[in-house]
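Breakdown of the fold
The lines below spell out each chain.
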Amino acid sequence: MRVTARLFAAAAEAVGANEVTVEASDVAGLREVLGAASDTAGPVIRQCAVLDGGVRRDDTYVLAEGATVDVMPPFAGG
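These remarks concern the structure in this document. What you are looking at is a predicted structure, and each value in this text was computed from that prediction instead of being measured.

With a phi close to 50°, Ala-9 is a non-glycine residue in the positive phi region. Secondary-structure assignment places Ala-9 in helix 1 (residues 9-15).

A few words now on the environment of Ala-67. For Ala-67, the position within the fold is in the loop between strand 4 (55-57) and strand 5 (68-72). Assessed through its relative accessible area of 10%, Ala-67 is described here as buried. Residues Ala-67 and Ser-38, 29 residues apart in the sequence, show an inter-C-alpha distance of 23 Å. Apart from the residues lying within four places of it in its own chain, the contact partners of Ala-67 are Arg-2, Val-3 and Thr-4.

What follows deals with the environment of Ala-24. Residue position: Ala-24 is located in the loop between strand 2 (19-23) and helix 2 (27-35). Residue classification places Ala-24 among the buried positions, given a relative accessible area of 5%. The contacts of Ala-24, once residues within four sequence positions are left out, are Met-1, Val-3, Gly-29, Leu-30 and Leu-63.

Strand pairing in a sheet relies on backbone hydrogen bonds, with the paired strands running either antiparallel or parallel. Taken together, the five strands give an open sheet; going across it, the order is 2-1-5-3-4, and neighbouring strands pair in mixed fashion. Two strands close off the open sheet at either side, each with one partner strand: strand 2 and strand 4. Going from strand to strand, the sheet's axes swing by 35° on average, the running direction of each strand aside.

With that settled, the discussion passes to the environment of Ala-11. Residue placement: Ala-11 occurs in helix 1. For the pair formed by Ala-11 and Val-62, sequence separation is 51 residues and the distance between their alpha carbons is 21 Å. Contacts of Ala-11, omitting those with residues within four sequence positions, involve Val-44, Ile-45, Cys-48, Val-71 and Pro-73.

What counts, and at which threshold
Residues numbered from 1 in each chain as written. Predicted model: local features only at pLDDT ≥ 70, side-chain atom pairs only at ≥ 80, totals over all residues. Heavy atoms only, no water. Helix = DSSP H or I, 4+ residues; strand = E, 2+ residues; numbered from the N terminus. Buried < 20%, exposed > 50% of the residue type's maximum accessible area, 1.4 Å probe, protein only. Contact = heavy atoms within 4.5 Å. Pairing = 2+ DSSP bridges. Axes fitted to C-alpha atoms, helices over the stretch in contact; angles between N-to-C directions.

As structure tokens, then:
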């Protein structure tokens, strides 16, 4: 499935883009593809929340063809 991932903050920095379109059938596959984008991307992407339709999805969640998901790193308040 082709999906578009919108990346924010540290996720975008680690992957080197604010938005990418990749082949992934589920969230785990998306994490794998994004994590391979750079030497530092893997650890960052593993910590990120993946949201589809504004709802956080786990790694087993199956992505729909053409979906747009948000990849959000953890945020700290202050």
